[in-house]
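As a plain string of letters, each chain reads:
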Amino acid sequence: MSFSLDTKNELARIVPEKKCCMLAEIAGFMRIAGSIRLVGLGKFEIVMTTSNPAVARHYKTMIKTYFSIDPKIVMGQDNSLKRGHAYILSIGPEDLSEQIMRETGILMVKEGMNFISDGIYDGLIRTKCCRKAYLRGAFLAAGTVNNPEKRYHFEITTSTEMLAKELRRLINHFVDISAKVVARKNGYGVYLKSGEQIRDMLAIMGASQQFFKFDEVMMIKEFKSQTNRINNLDNANIDKALKAAEHQIGCIRKIQEARGLDFLSPKLREAAEIRMEHPEMGIEELGKLMTPPLSKSGINNRLRRIEEIAKGL
């Protein structure tokens, strides 16, 4: 199974303890996965579609628990999901669909007229726990999260720009989370690309098992990245040391050919001979071979003086 599917299956097992959170989650799912059908005489039918059977069962149970009605559930076709089948939950007028639409903030009244709201009703998300529940419902309706081993990407798809912006505002209520909105071919996406933010979003929605899986992958990737940086730095230092040794040996040979190493003072001659005998060694190792042993800065100073002498010849 995909990481996204595993996440939805985990979230579909969560049953909110508080009634307010239960309503917020139902509203989040219904707002994004739902549509409204007119069935005559001004009556409405709510239709919610999902490709995930666990999600369908979850909301059938939640709606039955909260509203004391039993939504119908059938298997059907839904081209918007780009799959061969879908699970369709429906709530008709006989099950008080209009009242449910009002309670979930979908059907509103303005100047005595009913209208379908395109935003998120603030009364549903007054508390932090309700905001988490609403986001869980929205993700179960139309969310995806990539396998972190491949790339970091979290997204919830909406049908309108206004709803996407409202959802972004809701997500950004949480500390250190900064969602963005992008236009897609068939709607708008509210997305995150930061691994840390996606990991935190999994925790916010309640997907604790997926949170730890995501976090483990992030730590492994960071460890590999640090190892590569260290290896690259070591390789660069080795290259730099080899170039420096090559230059030092070249200076010593120049002095040897022009004046002979006896031209140098005994201390400088010792440094030159040890450098010639051990071209592969670093400065610190060379210093340990001197009599008496020299510090890194001490051997560096002698080799620098040899370079200056060679330059003056």
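Remember, predicted model here, so these are calculated numbers, not experimental data.

Caption draft 1: The packing of helix α3 (residues 53-67) against helix α5 (residues 128-142), seen in detail. Between α3 and α5, the shortest axis-to-axis distance is 10 Å and the interhelical angle comes to 140°. Considering the angle they form, α3 stands oblique to α5. For the element pair α3 and α5, the recorded crossing hand is left-handed. Between α3 and α5, the residues in contact are V55, H58 and Y59 and R136, G137 and L140, respectively. Its residues assigned to classes, the contact of α3 with α5 shows three nonpolar, two polar and one charged.

Caption draft 2: Seen up close, helix α7 (residues 195-205). Within α7, eight of the eleven residues are buried, which leaves the element mostly enclosed by the surrounding structure. Within the span of α7, buried status applies to G195, Q197, I198, R199, M201, L202, I204 and M205. Just downstream of α7, G206 is the residue with a positive phi angle, here 105°.

Caption draft 3: Fine view of the sheet that holds strand β4 (residues 86-91). The strand order across the open sheet formed by four strands is β1-β2-β4-β3, and the pairing between neighbours is antiparallel. Edge strands, defined here as strands with exactly one partner in the open sheet, are β1 (34-38) and β3 (72-76). When strand polarity is set aside, the average angle formed by the axes of neighbouring strands in this sheet is 30°. Two elements, β3 and β4, share five bridges in a ladder whose sense is antiparallel. Bridged to G76 within β4 is A86. Its contacts with the sheet put helix α2 (residues 19-33) on β1, β2 (44-50) and β4, and the angle it makes with β2 is roughly 90°. Sheet contacts for α3: β2, β3 and β4; angle to β4, the most-contacted strand, approximately 15°.

Caption draft 4: Region of the structure containing α5. A rise of 1.5 Å per residue sets the reference length of α5, with its 15 residues, at 21 Å; its end C-alpha atoms lie 21 Å apart and thus fit the reference within 8%. Counted residue by residue, α5 has eleven buried out of 15 residues, so it is predominantly covered. Where α5 is concerned, the buried positions are C130, R131, A133, Y134, L135, R136, G137, A138, F139, L140 and A141.

Caption draft 5: Quick peek at the sheet that holds strand β10 (residues 187-192). Reading across from one edge, β7-β8-β10-β9 is the order of the four strands in this open sheet, with antiparallel pairing throughout. What marks the edges here is a single partner per strand, and that holds for β7 (143-145) and β9 (180-184). If you compare each strand with its neighbour and ignore which way they point, the axes differ by 25° on average. The sheet contact formed by β7 and strand β8 (residues 154-158) spans three bridges and is antiparallel. By the bridge assignment, T144 is partnered in β8 with E155.

Caption draft 6: Fine view of unusual backbone geometry. Geometrically, the link from T291 to P292 is a cis peptide bond, its omega value of -5° lying close to zero. Mapped onto the fold, P292 is located in the loop between α10 (283-289) and α11 (296-312). For S68, which is not a glycine, the phi torsion comes out positive at approximately 60°. Although it is not a glycine, L96 adopts a positive phi angle of roughly 65°. The residue L96 is located in the loop between β4 and α4 (97-103) in this model.

Caption draft 7: Representation of the packing of aromatic side chains. In the structure shown here, the tally under the stated rule is six aromatic pairs. Both rings, one in F139 and one in F154, keep their centres 5.4 Å apart while their planes meet at 15°; by these two values the pair is stacked. You can see F139 sitting in helix α5 and its partner F154 sitting in strand β8, a full 15 residues away along the chain. Note on accessibility: F139 and F154 belong to one class, buried. Joined through ring pairs, the aromatic side chains of F3, Y152 and F214 make up one cluster. Lying over the aromatic face of Y152, K221 brings its terminal NZ or CZ to 4.3 Å of the ring centre.

What counts, and at which threshold
- Each chain carries its own residue numbering, running from 1 in the direction its sequence is written.
- Only residues with pLDDT of 70 or above have their local features reported here, since the model is predicted, and side-chain atom pairs are shown and tallied only from 80 upward, although totals for entire chains, interfaces and linings are computed over all residues.
- Side-chain metrics rest on all non-hydrogen atoms present in the structure, leaving aside hydrogens and water.
- Between N-to-C directions, angles cover 0 to 180 degrees, with each direction set by a line fitted to C-alpha atoms, over the stretch in contact for helices.
- Going along the chain from the N terminus, every DSSP run of H or I of four or more residues is numbered as a helix, and every run of E of two or more is numbered as a strand.
- If an angle is under 35 degrees, it is roughly parallel; if it is over 145, roughly antiparallel; if it lies from 65 to 115, roughly perpendicular; otherwise it is oblique.
- Each crossing gets its handedness from the near helix: less than a right angle anticlockwise from the far helix is left-handed, clockwise is right-handed.
- Here, residues are in contact when the closest pair of their heavy atoms is within 4.5 Å.
- We call Asp, Glu, Lys and Arg charged. Ala, Val, Leu, Ile, Met, Phe, Trp, Tyr, Cys and Pro are nonpolar, and the rest, Gly among them, are polar.
- Throughout this description, buried means an accessible area under 20% of the type-specific maximum (1.4 Å probe, protein chains only), exposed means over 50%, and partly exposed covers the range between.
- Paired strands, in this sense, are two strands between which DSSP finds at least two bridges.
- One less than the residue count of a helix, multiplied by 1.5 Å, gives the span that helix is expected to have.
- A pair of aromatic rings is counted whenever rings of Phe, Tyr or Trp (Trp by its six-membered ring) have centres within 6.5 Å, and the orientation is called stacked for planes under 30 degrees apart, edge-to-face for over 60 and tilted otherwise.
- In this analysis the charged atom, NZ for Lys or CZ for Arg, is taken to sit over a ring once it is within 6 Å of the ring centre and within 35 degrees of the ring normal.

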